[in-house]
Amino acid sequence: MRFPDEGVSIKDEGSKTEFSPKILSFLCNWCSYAGADLAGVSRFQYPTNTRVIRVMCSARVDPIMILEGFVQGLDGILVLGCHLGDCHYIHGNYFTIKRVKLTHKLLKQAGIHQDRLYLDWVSAAEGERYAKMIAWFIDEVRKLGPFGEVEGIDAEELKERAKVAQGAARSDKLRWLAGKEIDLCGEERIGIQGKNVYGEQVSKEDYDILMNENVLNEYTRSGIISLIRENPLSIKEIASKLKMCPAEVLQHISILEHAGVVFLTEEEGRTPRYIGV
Amino acid sequence: MDQSNLLEKRVGVFICHCGTNIGGFLDVEDIEEYTKGLPDVVFTQRNLYTCSEEGLSQIKNGIKEHNLNRVIVASCTPRTHEPLFKRVCSEAGLNPYLFNFVNIREHCSWVHMHERKQATKKAKDLIRMGVARVRLLEPEEDIEIDVEPACLVIGGGIAGLTASTSLAKRGFKVVLVERDATLGGLLRDLYKLYPICEDATNVLEGRKREGESYPNLEILTSSEVKEIKGFVGNYEVTVDIQYPRHGIRIIKVGVIIVATGAKVLIPEGLYGYDGKRIITQLELEKRLKEEREKLKRLNNIVMIQCVGARGDKRAYCSKVCCMVAIKNATLISRLNPEAKIYIIYRDIIQVHGTEYEDYYREARDAGILFVRYHPENEPVVSDEYVKIYDEMLGEDILIPYDLLVLSTPLVSWEDASNLAKMLKVPLDENRFFLEAHVKLRPLDFATDGIYVCGTCHWPVSVPEAVSQALGAAARASIPMANKKVRVESIISEVDKDKCIACGLCASVCPYKAIEIKKTEGGKKAEVISASCKGCGSCGASCPMSAITMHQFTDEQILSQVKAVLP
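Every value quoted in this text rests on a predicted model; they were computed, and no experiment measured them.

1. Remarks on the overall build of chain B
Part 1 of the reasoning: Looking only at helices and strands, one finds 15 helices and 30 strands in chain B.
Part 2 of the reasoning: Based on the C-alpha atoms only, the size of chain B along its principal axes is roughly 90 × 60 × 35 Å.
Part 3 of the reasoning: Evaluated residue by residue, chain B yields a buried proportion of 56% over its 566 residues.
Part 4 of the reasoning: In chain B, once contacts between residues fewer than 6 apart in sequence are set aside, the share between residues at least 24 apart is 70%.
Part 5 of the reasoning: Of the roughly 24600 Å² of accessible surface on chain B, a fraction of 49% belongs to carbon and sulfur atoms.
Part 6 of the reasoning: Charged side chains in chain B number 73 positive and 77 negative. The centres of these two groups are separated by 3 Å.

Dropping the structure here:
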């Protein structure tokens, strides 16, 4: 999904009966926030659905923060930074791309429609473009319906899944993968030649596969932890609840145990049960 | 005020009507009522203008009388007014870092002017998010950074030249970069300047000579700025020099003045413009300079105002053209008092101030005729006549012409956006540079350490360009004279107890401001405060939540996200 730039007109907010999406936008101080200011100074009218959080750079936006928006049940989230090459912090926004990419993967894993999260660039001079982009995104989210509708999942259940995704976003593996991609795969546009410890550039395709595998694993582990956070369960019970095979669950449990986030509780009878922290 | 006990949060919220700018579009009373019920809010007040003397003293009194230890102003944008309100907090004894801005004007009342109910709701939401954040703010101290005592001036027209000279006179190092081979800009083509008919060449040459007399003013002609890196106090500018020898220079400056000027619109396709018998005012200036004998022989001269201006494509008034037309008409009439000269103007003729009004009267006394046209009834130009509908007579009149002069507006350079991008400053819809605030900071950009003057900002006359240039030079000299600027302490800090020295923060830092160092407790990440610019990328990466991005902490931002919905 991409803002088309051309042919977007700003309509007045839909009739009262129509669904009015709740949208949060993260704006960077130097470009997109200034662009939003310019929209104001120029009196470009746009619908009232967005709420703004100002950060210094879009690179400050942590996947955990974006996912928190969905945990709260928001219908859409925008992350707007400076245009590539214009970042006030040299190339901070290239890291934003990687973090939003990770978040998109986590949303997909959680069954949340990926179009509910959108990343783009707005300069300090693009007041009109900002207004149009906001109006356009609100329309796009309106098409998806309230949180959970297009997904066909109850909103409360989906919020729980967002929480699981948030847990996965805290994992060191995913944070590393998002943070290291530029170092390992390179980024021509900022003149970074990627290399691993052997001096080889990692292919973007391989990296993507690795990322997807890890997103699945970390999401699953986060799901296991949230399942056994309050009531300890056995491997079998976990497997049946998550519709997984017990061997796979055991594998995850042993990794989590090793990481010190899951513990074996006292044996009752003969079935070992695990509890998460 | 006793700041030792910051545990008890006492939040004061000041809500600005901004005259009718906010008050006219939002239900401010309703917003205040709502705000009273938010957590830790112990005081609220509505101000007609929070930034006025009265509003500011209301903040001070509020802090003192209600023992506030957190302050919110819900008004305009932090990009212009945050320093003012922070200073007021500071004057009232409150650490300025305990202040939070909520923007309900640029991001709300001005963009939802027909949505009173929904916009009022949005303002309440934004204030609730602001309260959530302000409760988690902690006192901090500013950091000081050194300023390179040198200034880059971009553009060597009268504005750039004046600003450079003024700064050089004060003893600062100045580098003036001009892309043309010679200095002077538009002034090179002008003949005499209104209102006292001073010779443009004399004005220019005088300024040039003065500029060249300062050894601390370096003038680079045939040169263009290619890249600008850095921040106030420490800019690194790459200049591409074409002549006399092609080369690249890296210049270190603390501040930058933008004076790139404008150009005159060439009215291709309008009123039969051909550059020969139908010309622009600028072309007329050249003929007044070089071909006065020829001009003397012309009997019928017609000028049309607002050509290519004040319409759909270019909505603005170029401001200088009315005076230019009156001046050039007067000059021709002095050359040939018998000449019939008409100025065909659209609805108004812009002559402001005492001198200019007299000037206009003199022109009328000299027999120059002013005829008004209506935008719906534009003049029609044929080979011999200009046909125009005269409202007074109620019929068309035909005015013969030997020379038709079109008054066209000053327009911005097509490539202004390249420079704007390099400087990270905004342009308006007509590609003129946009100042930080039209009244409060007319010569500053919102980005610290960059200033603007002359026609790159808006069409102005020479006297106005000169006063703006002197003003911009004065503004630019403040950080250079102080040798230091105070910048907000928006830097990151590593919690050594949580850090596992994985080094991810160091690899996502655009400034290489984080290093892994050996400490007593093993290897740990360490932030080099002087290099940290506060983007927060490290905080968004750390797998151990070991990084505190001051002013934008995880907790603060998450609290805002959680407060989006009531």
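2. Side note on the overall build of chain A
Part 1 of the reasoning: For chain A, the count of helices and strands is 9 helices and 7 strands.
Part 2 of the reasoning: Dimensions of chain A, computed from C-alpha atoms along their principal axes, come out at roughly 70 × 55 × 25 Å.
Part 3 of the reasoning: Buried residues in chain A amount to 56% of all 277 residues.
Part 4 of the reasoning: Across chain A, the fraction of contacts at a sequence separation of at least 24, relative to all contacts at a separation of at least 6, is 72%.
Part 5 of the reasoning: Element-wise, carbon and sulfur atoms account for 50% of the exposed surface of chain A, whose accessible area totals about 12000 Å².

3. Describing helix H4 (residues 127-144) of chain A
Part 1 of the reasoning: Between its first and last C-alpha atoms H4 of chain A spans 26 Å; for 18 residues at 1.5 Å apiece the expected length is 26 Å, and the two agree.
Part 2 of the reasoning: Looking at the residues trailing H4 of chain A, positive phi occurs at Gly-145 of chain A, about 80°.

4. Quick word on the pairing of strand S1 (residues 23-28) of chain A
Residues and elements named next belong to chain A.
Part 1 of the reasoning: S1 sits mainly inside the fold: 6 of its 6 residues count as buried.
Part 2 of the reasoning: Going residue by residue along S1, you find Ile-23, Ser-25 and Leu-27 tucked away on one face and Leu-24, Phe-26 and Cys-28 tucked away on the opposite face as well.
Part 3 of the reasoning: Alignment of S1 against strand S2 (residues 50-55), held across 6 bridges, turns out to be parallel. Bridge pairing links Ile-23 to Thr-50 in S2.
Part 4 of the reasoning: The pairing of S1 with strand S3 (residues 76-81) spans 5 bridges and is parallel. Bridged to Phe-26 within S3 is Val-79.

5. Section: the side chain of Gln-166 of chain A
Part 1 of the reasoning: With respect to the element layout, Gln-166 of chain A can be found in helix H5 (residues 155-169).
Part 2 of the reasoning: For Gln-166 of chain A, the contacting residues outside a window of four places in its chain are Ile-64, Leu-67, Glu-68 and Val-71 of chain A.

6. A few points about empty space enclosed by the protein
Part 1 of the reasoning: Throughout the structure, instances matching the rule amount to 7 cavities of 30 Å³ or more.
Part 2 of the reasoning: Along the walls of the largest cavity sit 17 residues, with Val-52 and Arg-54 of chain A together with Phe-101, Val-102 and Gln-560 of chain B positioned nearest its centre.
Part 3 of the reasoning: Those elements that provide at least two residues to the lining of the largest cavity are S2 of chain A together with helix H3 (78-91), strand S4 (99-103) and helix H5 (116-134) of chain B.
Part 4 of the reasoning: Tallied by class, residues from the lining of the largest cavity come to 9 nonpolar, 5 polar and 3 charged.
Part 5 of the reasoning: Computed from the structure, the second largest cavity encloses a volume of approximately 110 Å³.
Part 6 of the reasoning: Forming the boundary of the second largest cavity are Gln-305, Cys-306, Ala-309, Arg-310, Cys-317, Ser-318, Lys-319, Val-320, Cys-321, Cys-322, Ile-348 and Gln-350 of chain B.
Part 7 of the reasoning: Of the residues contributing to the lining of the second largest cavity, the split by class is 7 nonpolar, 3 polar and 2 charged.

7. Quick look at the state of the cysteines
All names here are of chain A.
Part 1 of the reasoning: Under the criterion given, the structure shown has 1 disulfide over all chains.
Part 2 of the reasoning: Disulfide pairing places Cys-31 opposite Cys-82 at an S-S distance of 2.4 Å. Since a negative S-S torsion denotes a left-handed disulfide, the Cys-31-Cys-82 link at about 95° is right-handed. Of this pair, Cys-31 sits in the loop between S1 and helix H1 (32-41) while Cys-82 sits in the loop between S3 and helix H3 (92-110), and the two are 51 residues apart along the sequence.
Part 3 of the reasoning: Take Cys-31: its relative accessible area is 4%, and that puts it in the buried class.
Part 4 of the reasoning: Overall, the relative accessible area of 4% leaves Cys-82 in the buried class.
Part 5 of the reasoning: For the unlinked cysteine Cys-57, the closest cysteine sulfur is that of Cys-87, found at 4.0 Å.
Part 6 of the reasoning: For Cys-57, a relative accessible area of 2% corresponds to the buried category.

8. A few points about the pattern of salt bridges
Part 1 of the reasoning: Here the structure, examined in full by the defined rule, presents 59 salt bridges over all chains.
Part 2 of the reasoning: When the shortest N-O distance is used, the salt bridge between Arg-486 of chain B and Glu-144 of chain B registers 3.7 Å. Placement of Arg-486 of chain B in strand S26 (residues 484-487) and of Glu-144 of chain B in strand S5 (residues 143-146) is noted, with a sequence separation of 342 residues between them.
Part 3 of the reasoning: Arg-486 of chain B sits in the exposed class, given a relative accessible area of 55%.
Part 4 of the reasoning: Connected via shared salt-bridge partners are Arg-2, Asp-5, Asp-120, Glu-126 and Arg-129 of chain A.

What counts, and at which threshold
- Residues numbered from 1 in each chain as written.
- Chains lettered and ligands numbered in written order.
- Predicted model: local features only at pLDDT ≥ 70, side-chain atom pairs only at ≥ 80, totals over all residues.
- Heavy atoms only, no water.
- Helix = DSSP H or I, 4+ residues; strand = E, 2+ residues; numbered from the N terminus.
- Buried < 20%, exposed > 50% of the residue type's maximum accessible area, 1.4 Å probe, protein only.
- Contact = heavy atoms within 4.5 Å.
- Areas by Shrake-Rupley, 256 points an atom, 1.4 Å probe, with all protein chains shown as cover.
- Lys, Arg positive; Asp, Glu negative; His and termini not counted.
- Charge placed at Lys NZ, Arg CZ, Asp CG, Glu CD.
- Expected span 1.5 Å × (residues − 1).
- Pairing = 2+ DSSP bridges.
- 1 Å grid on protein atoms, 1.4 Å probe; cavity = no way out; pocket = protein on both sides within 12 Å on 5 of 7 lines; lining within 4 Å.
- Points joined across faces, edges and corners; volume = space filled by probe spheres on them.
- Nonpolar A, V, L, I, M, F, W, Y, C, P; charged D, E, K, R; others polar.
- Disulfide = S-S within 2.5 Å.
- Salt bridge = Lys/Arg side-chain N within 4 Å of Asp/Glu carboxyl O.

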